[in-house]
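Chain residues, written in single-letter form:
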Amino acid sequence: MTSNFWAPGMRGAVATVALLLARESVEEPPAWVGDWLVRDDREATVDRIRRHKLTLAVLPVLGELPLTQAQRESLVSAARFHRMRALVLAADQVAALGAMETAGIPAISLKGMAFAAQTTGDFAARVTGDIDVLVAPEDAAQATWALQDAGVRLDTDYCPVPGSPLFPAATRALKASLLHTAHTDLDLHWRLDVERSCCSASFHELWDRSVEVDVGGQPVRTLGPVDAAIFCASHGTTDAWSSLRQVVDQVRVDRLAPEAQVAPAAIAMGARIRYEVSRAMVAPLVGGSPHAGRRARAIAAASWSWLAAGRDIRAGTGLDDVRHRLVLQLGAAYDSPSALFARLAAAGWPVEDMAERKLGRTGDVVPGTYLVWGIAKSPSRLRRKVRRLS
């Protein structure tokens, strides 16, 4: 969690998360928490808590934070809004899932309220912005039509229409607005990750391992604890852990699925590196030595640096941000350097002239540093480093 630069409020927000996680585990928080809370700008800390979607999560420790009464009340007010919002989302989710059930389509709720119910026992205990549903690939088109028949409007600017040549290749089938709630988005997925090799379990395997949780008084299917831990790690890594809420999510789901169970399942699902990255991300907050390789530790270090600086590379449109996103997405999805560079080459990177033996040397020496910084900045610069190593 080292960084050369911390944006105002980020130390306070990170310390708040560490305090929250310690209280949930009935343990003492790290020694640095008190100092970080006192020294950081309080108004900026409140702003970071809001930006990182932690207003609901921090309520149990709000009285321990060195904030003014007005600042506490602002967070309580924001939390009240998000709890009301969760009630609206819950109703919309039940309607959407009901439409698919009527059409005979099995569906699994991802993230959001189902995840909150699974990890905290309260579906409204986590800030949620939209609804995510997973169906089998062969059911994607039928699910789309079933949702439209139920009054969901298909956003064709976001995703191709079923039947078009692009539809089978899309990661998500649709992103639509439920007509009776103008501010609710619904993402229909038929894969857990954009990379087919990552989180590769079939829908039917995931369904067999799924569990039922209560969302707004209605039973909802969601991923089983082991699959949820892997998906949470994969989603967080792909997003460069740009939100502290993702770190909190990972710690909470880890309590339901011990590492001894998740690690072999992550290997089987092609998500080993992403799960290792999650170990390295949460270690500074919960203690312990992460079981993570050099590449995973380097990706986590880069993610913590961006997080500390208050930088969200998902929102960046510059070439560096696009490259960083690509490297995080692919660098954490492929174990073998040769497979990784083949995938990068397929994505348009000029790496075809790199010899196989040099790829092996790169992967064996310091893969994380070269993947996150070397490739992200310049493939030609990486080639020069590889030649020096050879």
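Note: the structure precedes this text.
Residues numbered from 1 in each chain as written. Predicted model: local features only at pLDDT ≥ 70, side-chain atom pairs only at ≥ 80, totals over all residues. Heavy atoms only, no water.

Draft legend 1. Fine view of the pattern of salt bridges. Tallying each qualifying case throughout the model produces twelve salt bridges. For R255, the salt bridge goes to E24, with nearest N and O atoms at 2.7 Å. Linking R255 in the loop between α9 (244-254) and α10 (259-268) with E24 in helix α1 (residues 10-24), this pair joins segments that are 231 residues apart in sequence. Linking R274 and D193 is a salt bridge whose minimum nitrogen-to-oxygen distance equals 2.5 Å. With R274 in helix α11 (residues 272-286) and D193 in the loop between β5 (185-189) and α7 (203-209), this pair connects stretches of sequence that are 81 residues apart. Judged on exposure class, the residue R274 and its partner D193 are both buried. A single salt-bridge network, built from bridges that share partners, covers E24, R252 and R255. (Salt bridge = Lys/Arg side-chain N within 4 Å of Asp/Glu carboxyl O. Helix = DSSP H or I, 4+ residues; strand = E, 2+ residues; numbered from the N terminus. Buried < 20%, exposed > 50% of the residue type's maximum accessible area, 1.4 Å probe, protein only.)

Draft legend 2. Geometry of helix α3 (residues 42-51). Along α3, the residues that are buried comprise A44, T45, V46, R48 and I49. Taken together, the buried residues of α3 touch α1 and α4 (69-102). Between the side-chain oxygen of the N-cap and the backbone nitrogen of E43 there are 3.2 Å, and the N-cap of α3 in question is D41. Following α3 by one or two positions, K53 has its phi on the positive side, about 60°. (Contact = heavy atoms within 4.5 Å. Polar contact = N/O pair within 3.5 Å; in protein donor to acceptor, adjacent residues only side chain to side chain.)

Draft legend 3. Region of interest: the environment of G217. Within the secondary structure layout, G217 lies in the loop between β6 (211-215) and β7 (218-222). Counting along the chain gives 123 residues from G217 to V94, while the straight-line C-alpha distance between them is 9.8 Å.

Draft legend 4. Molecular detail of the packing of α1 against α9. Interhelical geometry of α1 versus α9 gives an angle of 15° and a closest axis separation of 11 Å. Between α1 and α9, the crossing angle belongs to the class labelled roughly parallel. Crossing geometry of α1 relative to α9 is assigned as right-handed. Residues M10, A13, V14, V17, L20, L21 and E24 of α1 form the contact with α9, whose own contacting residues are L244, V248, V251 and R252. (Axes fitted to C-alpha atoms, helices over the stretch in contact; angles between N-to-C directions. Parallel < 35°, antiparallel > 145°, perpendicular 65-115°, else oblique. Left-handed = near helix turned anticlockwise from the far one by under 90°.)

Note that every value here comes from positions in space, so none of it alone points to a role or purpose.
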